[in-house]
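# Close look at the chain arrangement
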Amino acid sequence: MPTRDDCLQLDARDTLAPLRDAFELPPGVVYLDGNSLGARPKSAAARAAQVVQREWGEGLIRSWNTAGWFALPRRLGDRLAPLIGAGANEVLVTDTTSVNLFKLLAAMLRLQARRDARRRVIVAERGNFPTDLHIAQGLIAMLQQGHELRLVDSAEGIPAALGDDVAVLMLTQVDYRTGALHDMSTLTRLAHEHGVLMLWDLAHSAGALPVDLRGAGADGAVGCTYKYLNGGPGAPAFLWLAPRWHGEFESPLSGWWGHAEPFAMEPQYRPDPGVGRFLCGTQAIVSQALVECGLEVFERTDMAAVRHKSLALTDLFIALVEQRCAAHPLTLITPREHTRRGSQVSWQHPQGYAVMQALIHRGVIGDYREPGILRFGFTPLYTRFIDVWDAVEALRAVLDGEEWKQERFQTRSAVT
């Protein structure tokens, strides 16, 4: 059985350990919720002050040019691209994940309608993150052209669902509840064999594990920057489009920033020739600027090292919980196999919400998802092995002492 000293020794040998100093982490807290909101890079406060005080306060409107505001969505996209297996001029940091998903999904349906009018079905998993399904439902209702959202209960059901009427396969690479990891290359190839376009949501994989969109042959992808990429609460999302589609896909939100020459002020829309056509309105510069702080930390390491530590952290957490909390009704719902696991571990407990609230009260911050799921995210840039030990000790104390039974831990908050 691993000991506390073993964890300290693992930290002493950890090549990523110096990166923890790049983040502001409150004392006395073990933060295991980076899969929902990443910790703040220390440089973010100074960067925000620079944008607000100097670039906005002194530069005023001149900063669209002098401070590089106008190019920011593309510049950030180029810095993010290596983390997801993309190239230059293929990624934009802009809007929200939901809005970007709407844009790409609508473009894919439009393209497929031109190629084969029978293809009006979107295939997705029933357990996908709700916003993905809601966006698809809203788009279908708006189009009123006989489109359908076909839901499968697991990856095993995908092959049978890919009939001649399917336009798009829309999947999240890492399941937000369980942390289960899809095989991107295999499923993308399967989709293409059936004439289906492949759209990936990378919200729980970008910055957590190596992603190779180009290598997998994917068609489009979206994701957020405020989880493992540490861009800040509500930070702009990203959108990737395979270069082969840059001149083919048409954005349904044809705003002026997606125009080939926005300041030509032409009354007729003329799209940017590349991925820039998926920009829409004026960008949120202050929040975009903070995304760069998180991306800068990743440039001090590589995703292979991040993945290696992620798997070591999650292996240790699973082993310790099973050893030290064996007397309690905890059910592991995260795959044990490395090839099928993201960077989180989820346990089900009959009183999951109250257990998580009691754990947070002890200074170990994870989060809760229905039904009864305790969700723990492991961010290798700043999570230590000793944090894993301390988190399990706190969980054992909460369960052994039945602390979760206290009334204050039973009341639901708006955000869980």
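Look above for the structure.
Here we summarise the structure given alongside this text.

What counts, and at which threshold
Residues numbered from 1 in each chain as written. Predicted model: local features only at pLDDT ≥ 70, side-chain atom pairs only at ≥ 80, totals over all residues. Heavy atoms only, no water. Helix = DSSP H or I, 4+ residues; strand = E, 2+ residues; numbered from the N terminus. Rg over C-alpha atoms; globule rule 2.2 N^0.38 Å. Buried < 20%, exposed > 50% of the residue type's maximum accessible area, 1.4 Å probe, protein only. Pairing = 2+ DSSP bridges. Axes fitted to C-alpha atoms, helices over the stretch in contact; angles between N-to-C directions. Left-handed = near helix turned anticlockwise from the far one by under 90°. Contact = heavy atoms within 4.5 Å. Nonpolar A, V, L, I, M, F, W, Y, C, P; charged D, E, K, R; others polar. Core = buried A, V, L, I, M, F, W, Y, C linked by side-chain atoms within 4.5 Å. Arc of directions from axis to C-beta. Phe/Tyr/Trp six-rings, centres within 6.5 Å; stacked < 30°, edge-to-face > 60°. Lys NZ or Arg CZ within 6 Å of the ring centre and 35° of its normal. Salt bridge = Lys/Arg side-chain N within 4 Å of Asp/Glu carboxyl O. Polar contact = N/O pair within 3.5 Å; in protein donor to acceptor, adjacent residues only side chain to side chain. Patch = residues over 30% accessible without salt bridge, like charges linked within 9 Å, V, L, I, M, F, W, Y side chains within 5 Å. Areas by Shrake-Rupley, 256 points an atom, 1.4 Å probe, with all protein chains shown as cover.

## Some details on the overall build of the protein
For the protein, the count of helices and strands is 13 helices and 15 strands. Taken over C-alpha atoms, the radius of gyration comes to 22 Å for the protein, in line with the 22 Å a tight globule of 416 residues would show. Along the three orthogonal principal directions, the C-alpha set of the protein runs to about 65 × 60 × 40 Å. Looking at the protein residue by residue over its 416 residues, the buried ones come to 56%.

## Some remarks on the pairing of strand β9 (residues 220–223)
Both faces of β9 are covered, namely the face carrying G220 and V222 and the face carrying A221 and G223. Pairing analysis gives three bridges linking strand β8 (residues 197–201) to β9, with the strands arranged parallel. Of the residues in β9, the one forming a bridge with W200 is A221. Two elements, β9 and strand β10 (residues 238–241), share four bridges in a ladder whose sense is antiparallel. Paired with V222 across the bridge in β10 is L239.

## Things to note about the packing of helix α2 (residues 43–56) against helix α10 (residues 285–298)
Running from N to C, α2 and α10 point in directions that differ by 150°, and their axes come no closer than 9 Å. Crossing of α2 against α10: the hand is right-handed. Contacts between α2 and α10 involve S43, A44, R47, A48, V51 and V52 from the former and I285, V286, A289, L290, C293 and E296 from the latter. In terms of residue class, the contact of α2 with α10 is made up of nine nonpolar, one polar and two charged.

## A word on the nonpolar core
In this structure, I84, W200, L202, L213, F238, W240 and F249 are the most contacted members of the largest nonpolar core, which totals 91 residues. When sequence neighbours within four positions are dropped, the list of residues in contact with F249 reads L104, A107, M108, L111, L197, L241, R277 and F278. L330, W347, V364 and L374 belong to the second largest nonpolar core, which has 37 residues in total.

## Looking at the sheet that holds strand β14 (residues 367–369)
As summarised here, the arrangement of the four strands in space is β11-β12-β15-β14, forming an open sheet in which the pairing is antiparallel. In this open sheet, the two edge strands, each paired with only one partner strand, are β11 (331–332) and β14. Bridge analysis of β11 against strand β12 (residues 344–348) gives two bridges, and the strand direction is antiparallel. When the sheet's bridge partners are listed, L332 is paired in β12 with W347. Lying over the sheet, helix α11 (residues 303–324) contacts β11, β12 and β15 (373–377), oriented at roughly 25° with respect to β12.

## Side note on helix α4 (residues 72–80)
Restricting attention to buried positions, one finds in α4 the residues L72, P73, L76, G77 and L80. For α4, the angular spread of buried residues about the axis comes to 135°, placing them on one side. Check the buried side of α4 and you find it contacts β4 (91–93), β10 and α10.

## Observations regarding the packing of aromatic side chains
Note on aromatic pairs: each is described by the distance of the centres and the angle between the planes. Applying the stated criterion across every chain, the model contains 12 aromatic pairs. Centroid distance F129 to Y176: 4.9 Å. Interplanar angle 85°. Geometry classified as edge-to-face. Note that F129 is positioned in the loop between β5 (121–125) and α6 (130–143) and Y176 in the loop between β7 (166–172) and α8 (184–193), a separation of 47 residues in sequence. A residue is classified by how much of its surface remains accessible, and Y176, at 6% relative accessible area, is buried. Cation over ring: R412 sits above Y353, and NZ or CZ is 4.4 Å from the ring centre.

## What to know about the environment of L395
Positionally, L395 belongs in helix α13 (residues 385–400). On the basis of relative accessible area, L395 is assigned to the buried category, the value being 1%. Taking C-alpha positions, L395 is 49 Å from G258, a pair spaced 137 residues apart along the chain. Aside from chain neighbours lying at most four places away, what touches L395 is V321, C325, L330, V355 and L359.

## Examining the pattern of salt bridges
Across all of its chains, the model carries 34 salt bridges by this definition. With its nearest N and O atoms 3.6 Å apart, the salt bridge here joins R369 to D367. Judged by its relative accessible area of 19%, R369 falls in the buried class. For D367, a relative accessible area of 4% corresponds to the buried category. Salt-bridge contacts for R384 lead to D387; the nearest nitrogen and oxygen are separated by 2.9 Å.

## Quick word on the environment of Y31
Inspection of the secondary structure puts Y31 in strand β2 (residues 30–31). A C-alpha to C-alpha distance of 8.5 Å links Y31 and F378, two positions 347 residues apart in sequence. Residue contacts for Y31: discarding those within four places in its chain leaves L37, G38, A39, I365, Y382 and T383. A polar contact is formed between the side chain of Y31 and the backbone oxygen of D33, at a distance of 3.4 Å.

## Quick look at a nonpolar patch on the surface
Taken together, the side chains of V52, W56, L60, I61 and V286 present a nonpolar region at the surface, about 500 Å² in accessible area. Relative to the helices and strands, I61 is located in the loop between α2 and α3 (63–66).

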